Structures are given as structure tokens and as C-alpha cells.
Amino acid sequence: MSRVHDMGGRFGDGPIPEKDDSEVFHTDWEARALALNLACGALGAWNIDASRHARECLTPKDYAGFTYYEKWLGGLTDILVDSDLLTMEDLDGPPAGPAHSPDPRALKPENVDRAMHAQGSYMRPEGPQAKFRVGDPVRTVPHAQNTLVKGGHTRLPAYAAGRNGTIERLHGNHVFPDSNAHFLGPAPQPLYAVRFTAHDLWGADAEASGDDMVLDLWQSYLLEPSA
Amino acid sequence: MPHDHSDHAHSHLPSDPELRVRALESLLVDKGLVDPATLNALIDTYENKIGPRNGAQVVARAWVDPAFHARLMEDATAAIAELGFMGRQGEHMVAVQNTPTQHNLVVCTLCSCYPWPILGIPPTWYKSDAYRSRAIREPRAVLAEFGVELTDGQSVRVWDSTAEVRYLVVPMRPEGTQDLSESDLAALISRNAMIGTDLVKAPSA
């Protein structure tokens, strides 16, 4: 029930590549791919959770074989078609040529600075009250899965499912990706930073018993430890 | 929204990524959905205007100004905005302080979440499968690969960016830098030090 992007803790990936990487973009097309993603995102047809889910829905073979910006391009093309901004006929057919006047939703060059500096927020005043306080013990739900949509987007990594942790911080009520990614509404709920010991996550594979890991987890990923 | 297509739209474009991006851009421009000048402005923004020098200014300010440091640890989003850095992928910032007893390391195991307004676009290694899979399970081995030597008694805390909260590691100020100006200090602070895969060293004499 996992998807290929959920790789935290996986064995077999080998050394970290390009550790002294200092180029922002390595090719012109990478820069173009990033800019296309941002410009299309600004059309407002989807949200950040939906765009993440589009990349996660690449086949495992494509996900593993694509470079980073190829994944972005793949996810972008798929979500453009899902959103009816492009059609399969557009992709397959001969170029239609410049047709219409600019779409009113299109991001204008003079607005780029403002759009990238806009201080949005994923916090919402509504939604349930926080059930847990800092220092409370919690247990994550046994399966990292979206309970609204089968195979849907979720932000509980598989390695942290069914584990005991401790509330480290309250972040307030945040938009819930499991709902938002599928256009089921923002459904905000309390978000917590939850601390897990290395031993609780990895058992005998833990590197050092004193180390710990912190994940940001929504309230519906969390249970009372006795539950 | 359908999820698992038998026929992914992207496979209808050329497989070479350079041709693919050109084909997609051309379709979108023809439809009036994308202005090529906007793409150039976006590239210029992240190539030249927003990058890790922003974060280094934040850290250097925290080193020289205890009141700013306190505000950074209390509400990093607001403190960072005091220096004019804000926006996309930096909506909810949290600063985590390295100490002699705790070293912090940031990863996004599920994708590549990263604090753009202060560090820019993430480096290739941060987005690699190897970093995403290993940083959370064997952070000490990963740190050793980056040449980071922990001291005895220093535990490691790994922050997996699973929500829209973005983490900034505040490295320890090196010994022997009390005479340096804020801007000289900022020049010492590498991008990797603010992710946790580097330490800040005093300039060699």
C-alpha cells in the first residue's frame, strides 16, 4: 500500500551523490521545468498537495528512472490534463499555433516577484481542538494510508506508522493534505511535531540510542498510546 | 481526480527531457496559459535573487544579536521576515539550534520540502533517493560522508519535513570569531551548515 516516493529508511541507495553541488540549475531545461511548474501552479487550478500527489502517482519505474526535474515535468503534464488545461489531443496532435489572447489567470512577468514573496499560510482558525499537549505520549496509526481516498495522498511516512512517540510542539491547525490533495476541502486539523527515539523507529538497526527523529504529523495520524 | 492512469499523459510527450520541456512550454504558451517572459523572471529569481546567502544573513544576525536570536527561536517566520525574507515554501519556519549536546539535520523523505526563501532551490544531493532514504535511518553515517565530525556526547536529531513547516538549522558560532563583523560571519556560513550537513569553521589564519 505504499508508493514509491515513501522511501525513508529504505536500504540499498548507496552514497549521497553530488555533495558539493553548488549550481542552482545544471541545464537550461531544468530551470525551464521548475519555472513551468511555478507558472502553471499560479494558474490556481490545483494546490500544492495535489501537485505532490501527481508526482507520487508516476509509475514506480518512471519515478525511479526519472531525474528530479523529469519527475516534476511528468507530474505537471499529468495534472495539466487532469485539470483540463491541456488535453491528450493537444499532446498528440499537430501544434495548433498561437491561438487566443493570454488566459487571465496566467502569471505576468511583472507579478513574479510579488507572487514568490507572498506570505501565504497553511494555518486555519477552524477545525478540531488539539487533543494532545507538549510531552504527551502518542502512537501513530498502524498504517500509512489515506482513509478518505484509496491509494490517496498522505504525509505519514510508512517508517513512522504504528510507532510510539512524544509530542514535541504544537503547530496550530493546518490544512490536511489527505483531503486537500483530492480537492475534498482544506479540512484543517491540529498539526504536531512528534519526536520518536531512533530505537522506536528502527529497533536493532538504530545507529545510536540517544538519537531521535521529529516528524510533523496531523492529529488524525495519532492515537492515544493505549489505543 | 483520477490517480493511477493506465495511460500517463506525460508519456505522450518526447522522452528526451529537453525536448519534453520545450514541447510542454510551447503548448502552454500557445494556449496563453504561460508567458515566456514570466518563465525567465522565475528563473532569474531563483538563480540570482533568492538563495542561501539569505539564510546566512539570518544566522549571522542571530549570532551577533541575542534579542534577534530569541525571536528567531520563538517565531522564526516573523524573525526571518524582519530581514525581508518570506514567501513560497517559507510560510511556516522553525529554527533549531545546534548545541554541544545536540546536532540537527533536516530531510524531506517524502519529496524535497526545503525553505526556499532563505536557502533557495534545494541541491541535487538533498533531492536524491540516497539522502531521502538514509538521513532518517543512519544520520551519523550520512554526516560522516559529508565530513561532519560530531563530538562525544552529541546526539543527533533528524527533522523530517512532512508538513508545510520548514526547518532552519542554526549552526554553532565557531570559536575565535568574536572580532568578525556580521557580514564576515555570514560569509562563513555554508548552505549545508543550515541543513545540518556541514559545520561552520573559523577562517584559517
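Reading the values: the criteria
- Residues numbered from 1 in each chain as written.
- Chains lettered and ligands numbered in written order.
- Predicted model: local features only at pLDDT ≥ 70, side-chain atom pairs only at ≥ 80, totals over all residues.
- Heavy atoms only, no water.
- Disulfide = S-S within 2.5 Å.
- Axes fitted to C-alpha atoms, helices over the stretch in contact; angles between N-to-C directions.
- Helix = DSSP H or I, 4+ residues; strand = E, 2+ residues; numbered from the N terminus.
- Left-handed = near helix turned anticlockwise from the far one by under 90°.
- Contact = heavy atoms within 4.5 Å.
- Nonpolar A, V, L, I, M, F, W, Y, C, P; charged D, E, K, R; others polar.
- UniProt positions renumbered as here; feature names shortened; annotations may be inferred.
- Buried < 20%, exposed > 50% of the residue type's maximum accessible area, 1.4 Å probe, protein only.
- Polar contact = N/O pair within 3.5 Å; in protein donor to acceptor, adjacent residues only side chain to side chain.
- Expected span 1.5 Å × (residues − 1).
- Arc of directions from axis to C-beta.
- Buried area = accessible area lost by both parts, 1.4 Å probe.
- Salt bridge = Lys/Arg side-chain N within 4 Å of Asp/Glu carboxyl O.
- Pairing = 2+ DSSP bridges.
- pLDDT = per-residue confidence, 0-100.
- Core = buried A, V, L, I, M, F, W, Y, C linked by side-chain atoms within 4.5 Å.

Q: Before we go on, may I ask you to explain the state of the cysteines in this structure?
A: Each disulfide consists of a covalent bond between the sulfur atoms of two cysteine residues. Per the stated rule, a full pass over the model turns up zero disulfides over all chains. With no disulfide partner, A:Cys40 has as its closest neighbouring cysteine sulfur the one in A:Cys57, 18 Å distant. In this model B:Cys108 remains outside any disulfide bridge; the closest cysteine sulfur is found in B:Cys111, 3.6 Å from its own.

Q: Whenever I open this one, the packing of helix H1 (residues 28-41) of chain A against helix H4 (residues 68-82) of chain A confuses me. Can you help?
A: All names here are of chain A. Closest axis-to-axis distance for the H1/H4 pair is 10 Å, and the angle between their directions is 35°. Handedness of the crossing formed by H1 with H4: left-handed. Mapping the contact onto sequence places Trp29, Glu30, Ala33, Leu34, Leu36, Asn37 and Cys40 in H1 and Tyr69, Glu70, Trp72, Leu73, Leu76 and Leu80 in H4. When its residues are assigned to classes, the contact of H1 with H4 shows 10 nonpolar, one polar and two charged.

Q: Even after reading the chapter, I still don't get the UniProt feature "binding site: Fe(3+)" (unreviewed entry) in chain B, so can you show me in this structure?
A: Using the residue numbers shown here, the UniProt feature "binding site: Fe(3+)" (unreviewed entry) corresponds to B:Cys108, B:Cys111, B:Ser112 and B:Cys113. Inspection of the secondary structure assignment puts B:Cys108 in the loop between strand E2 (102-107) and helix H6 (116-119). Setting aside chain neighbours within four positions, we find B:Cys108 in contact with A:Arg155, B:Cys113, B:Tyr126, B:Arg132, B:Asp160 and B:Ser161. On the secondary structure map, B:Cys111 appears in the loop between E2 and H6. For B:Cys111, a relative accessible area of 13% corresponds to the buried category. If near-sequence neighbours (up to four positions away) are discounted, B:Cys111 is found in contact with A:Arg52, A:Arg155 and B:Arg132.

Q: Would you explain the side chain of B:Thr109 in this entry?
A: Note that B:Thr109 resides in the loop between E2 and H6. Relative accessible area serves as the criterion here: at 0%, B:Thr109 is assigned to the buried category. Within the structure, B:Thr109 has its side chain in polar contact with the side chain of B:Asp160 (distance 2.7 Å). Contacts of B:Thr109, omitting those with residues within four sequence positions, involve A:His5, A:Met7, A:Gly8, A:Pro157, A:Tyr159, B:Arg132, B:Ile136 and B:Asp160.

Q: Mind showing me how you'd approach helix H2 (residues 36-49) of chain B here?
A: An α-helix turns once every 3.6 residues. As a result, residues three or four positions apart point the same way. The terminal C-alpha atoms of H2(B), which comprises 14 residues, lie 19 Å apart, in line with the 20 Å expected from a rise of 1.5 Å per residue. For H2(B), the complete set of buried residues consists of B:Thr38, B:Leu39, B:Leu42, B:Ile43, B:Thr45 and B:Tyr46. Projected onto a plane normal to the axis of H2(B), the buried residues spread over an arc of 150° and lie on a single side. Contacts made by the buried residues of H2(B) are with H1 and helix H6 (112-117) of chain A together with helix H1 (17-30) and H6 of chain B. Near the N-terminus of H2(B), the side chain that reaches the backbone nitrogen of B:Ala37, with its oxygen 2.8 Å away, is that of B:Asp35.

Q: Before we go on, may I ask you to explain the interface of chain B and chain A in this structure?
A: For interface size, the figure often reported is the accessible area lost on association. Contacts between the two partners involve 93 residues from chain B, matched on the other side by 108 residues from chain A. Each partner contributes to the roughly 8,900 Å² buried at the junction of chain B and chain A, and carbon and sulfur atoms together form 60% of this total. Our enumeration of links across chain B and chain A arrives at eight salt bridges. The partner of B:Lys31 in a salt bridge is A:Asp90, and the shortest N-O contact between them spans 3.1 Å. Linking chain B to chain A there are 41 residue pairs in polar contact (both at pLDDT 80 or more). With 12 residues, H2(B) is the single largest residue contributor to the side of chain B that touches chain A. Counted by class, the side of chain B that touches chain A contains 44 nonpolar, 24 polar and 25 charged residues. The pairing of strand E4 (residues 212-218) of chain A with strand E3 (residues 155-160) of chain B spans four bridges and is parallel. Bridging from a neighbouring strand, A:Asp212 pairs with B:Arg157 of E3(B).

Q: Is there a simple way to think about H1(B) in this case?
A: A rise of 1.5 Å per residue sets the reference length of H1(B), with its 14 residues, at 20 Å; its end C-alpha atoms lie 20 Å apart and thus fit the reference within 8%. For H1(B), the elements touching its buried residues are H1, H4 and helix H5 (88-92) of chain A together with H2 of chain B. The opening residue of H1(B), the one whose side-chain oxygen lies 3.1 Å from the backbone nitrogen of B:Glu18, is B:Asp16. At the exit of H1(B) stands B:Gly32, carrying a positive phi of roughly 80°.

Q: Is there a simple way to explain the UniProt feature "domain: Nitrile hydratase alpha/Thiocyanate hydrolase gamma" (unreviewed entry) in chain B in this structure?
A: As recorded in UniProt, the sites labelled "domain: Nitrile hydratase alpha/Thiocyanate hydrolase gamma" (unreviewed entry) are residues 16-197 of chain B. The span residues 16-197 of chain B is 47% helical and 13% strand by assignment, and the distance between its end C-alpha atoms comes to 33 Å.

Q: Help me understand the confidence of the model for chain B, please; the structure alone is not making it clear to me.
A: Detailed conclusions should not be drawn from predicted coordinates in areas where pLDDT is low. Overall, the predicted model of chain B reaches an average pLDDT of 95, with 97% of residues at or above 70. Reported for the predicted complex are a pTM of 0.96 and an ipTM of 0.96.

Q: Honestly, the nonpolar core in this entry has me stumped. Any pointers?
A: Across soluble globular proteins, you tend to see nonpolar side chains buried next to one another. Counting residues in hydrophobic clusters, the biggest one holds 120 residues, and the most contacted among them are B:Leu72 and B:Tyr131. Counting residues per element, this core draws most heavily on H1(A), at nine residues. If sequence neighbours within four positions are ignored, B:Leu72 has contacts with B:Val58, B:Ala62, B:Ala79, B:Ile80, B:Ala95 and B:Val170. Counting five residues, the second-largest nonpolar core is a separate cluster that includes A:Val4, A:Met7, A:Tyr63 and A:Phe66.

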